[in-house]
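# Overview (structure and organization)
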Amino acid sequence: SWRLLKAWVVHEIPNRAPPLSLECLEIMVGYSLFKQRPQFALSLLVGFFGLLRTGELLSITANQVSIASPQGPAVISLGLTKAGKRQGAAESVTIHVEDVCRRLYQWKGTVASRVSLTPSPYAWRKLFNDTLNAVGFSAVDYRPYSLRRGGATHFFTVQSSFDKLLVLGRWQSAKT
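Scope of this entry: the structure provided in the associated data block. (Residues numbered from 1 in each chain as written. Predicted model: local features only at pLDDT ≥ 70, side-chain atom pairs only at ≥ 80, totals over all residues. Heavy atoms only, no water.)

### Overview of the pattern of salt bridges
Evaluation of the coordinates by the stated rule reveals 5 salt bridges. Linking Lys126 and Asp130 is a salt bridge whose minimum nitrogen-to-oxygen distance equals 3.1 Å. Taken together, the positions of Lys126 and Asp130, both in helix α7 (residues 121-134) and 4 residues apart, correspond to about one turn of that helix. By relative accessible area, which is 41% here, Lys126 ends up partly exposed. Since its relative accessible area comes to 34%, Asp130 is described here as partly exposed. Residue Arg143 pairs with Asp141 through a salt bridge whose shortest N-O separation is 2.9 Å. For Arg143, a relative accessible area of 24% corresponds to the partly exposed category. (Salt bridge = Lys/Arg side-chain N within 4 Å of Asp/Glu carboxyl O. Helix = DSSP H or I, 4+ residues; strand = E, 2+ residues; numbered from the N terminus. Buried < 20%, exposed > 50% of the residue type's maximum accessible area, 1.4 Å probe, protein only.)

### Some remarks on the packing of helix α3 (residues 38-49) against helix α8 (residues 146-159)
Across the interface, α3 lies against α8 with an axial gap of 7 Å and an inter-helix angle of 55°. Of the possible angle classes, the one that applies to α3 and α8 is oblique. Where α3 abuts α8, its residues Leu44, Gly47, Phe48 and Phe49 lie against Leu147, Arg148, Gly150, Gly151 and His154. Counted by class, the contact of α3 with α8 contains 4 nonpolar, 4 polar and 1 charged residues. (Axes fitted to C-alpha atoms, helices over the stretch in contact; angles between N-to-C directions. Parallel < 35°, antiparallel > 145°, perpendicular 65-115°, else oblique. Contact = heavy atoms within 4.5 Å. Nonpolar A, V, L, I, M, F, W, Y, C, P; charged D, E, K, R; others polar.)

### Re the packing of aromatic side chains
Applying the stated criterion across every chain yields a total of 4 aromatic pairs. Judged by centre distance (5.5 Å) and plane angle (25°), the ring pair of Trp124 and Phe128 falls under stacked. With Trp124 and Phe128 both in helix α7, this residue pair falls 4 residues apart, about one helical turn. With relative accessibility at 0%, the residue Trp124 sits in the buried group. Joined through ring pairs, the aromatic side chains of Phe40, Trp124 and Phe128 make up one cluster. (Phe/Tyr/Trp six-rings, centres within 6.5 Å; stacked < 30°, edge-to-face > 60°.)

### Digging into the pairing of strand β2 (residues 74-79)
Only one face of β2 is covered, namely the face carrying Ala74, Ile76 and Leu78; the face carrying Val75, Ser77 and Gly79 is uncovered. In this sheet, β2 lies alongside strand β1 (residues 65-67) in antiparallel orientation, the contact comprising 3 bridges. In the strand pairing of β2, Ser66 is matched with Val75. Hairpin connection of β1 to β2: 6 residues between the antiparallel strands, including Gly72 at a positive phi of 90°. Bridge count for β2 against strand β3 (residues 91-95) is 5 bridges, and the pairing is antiparallel. Bridging from a neighbouring strand, Ala74 pairs with Ile95 of β3. (Pairing = 2+ DSSP bridges.)

### Observations regarding the environment of Ala68
With respect to the element layout, Ala68 can be found in the loop between β1 and β2. As a C-alpha pair, Ala68 and Tyr105 span 37 residues in sequence and 7.9 Å in three-dimensional space.

### Some words on the sheet that holds β3
Taking strand neighbours across the sheet as the criterion, the 3 strands line up as β1-β2-β3 in an open arrangement whose pairing is antiparallel. Of all strands in the sheet, those with a lone pairing partner are β1 and β3, marking the two edges. Between one strand axis and the next, the sheet turns by 20° as a mean value, whatever way the strands run. Here helix α6 (residues 98-110) sits on the sheet and contacts β1, β2 and β3; the angle it forms with β1, its principal contact strand, is near 110°.

This is the structure in structure tokens:
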């Protein structure tokens, strides 16, 4: 059975989430702001520039965000994440993009500490899919994980440092 599984993995290409480009992100954020959904727009930006896994993004609350000024940086404590559980250490991400930090600072200043950045996972995923359909990106098959992959692709094109990308994205292996 193991040989059959290995043969399957070698010959069947996985259906991975395509990376979301910065331009597509900006269109989705602009549409969300136009539709009076600033918190959803912020979640898209945080997921993209924080290189967050979907589950990490959907669990962020205001008390996990530390930001001293609108210029940033913003530190988001993720607690024991997928990789953190294996290592026995809490993880965090730092966002330096000033526009995202300004929006996070405003959001954090207007909500209670236990308020979630996103609605329920189902509602957020529905908003994500509805936004994709509304802006005409449904044929591309973007998924929420496309935010993380797109953010990583964007970071690499700007910085050209694979080692920094591995640290920022919290990947343990270059193969990943």
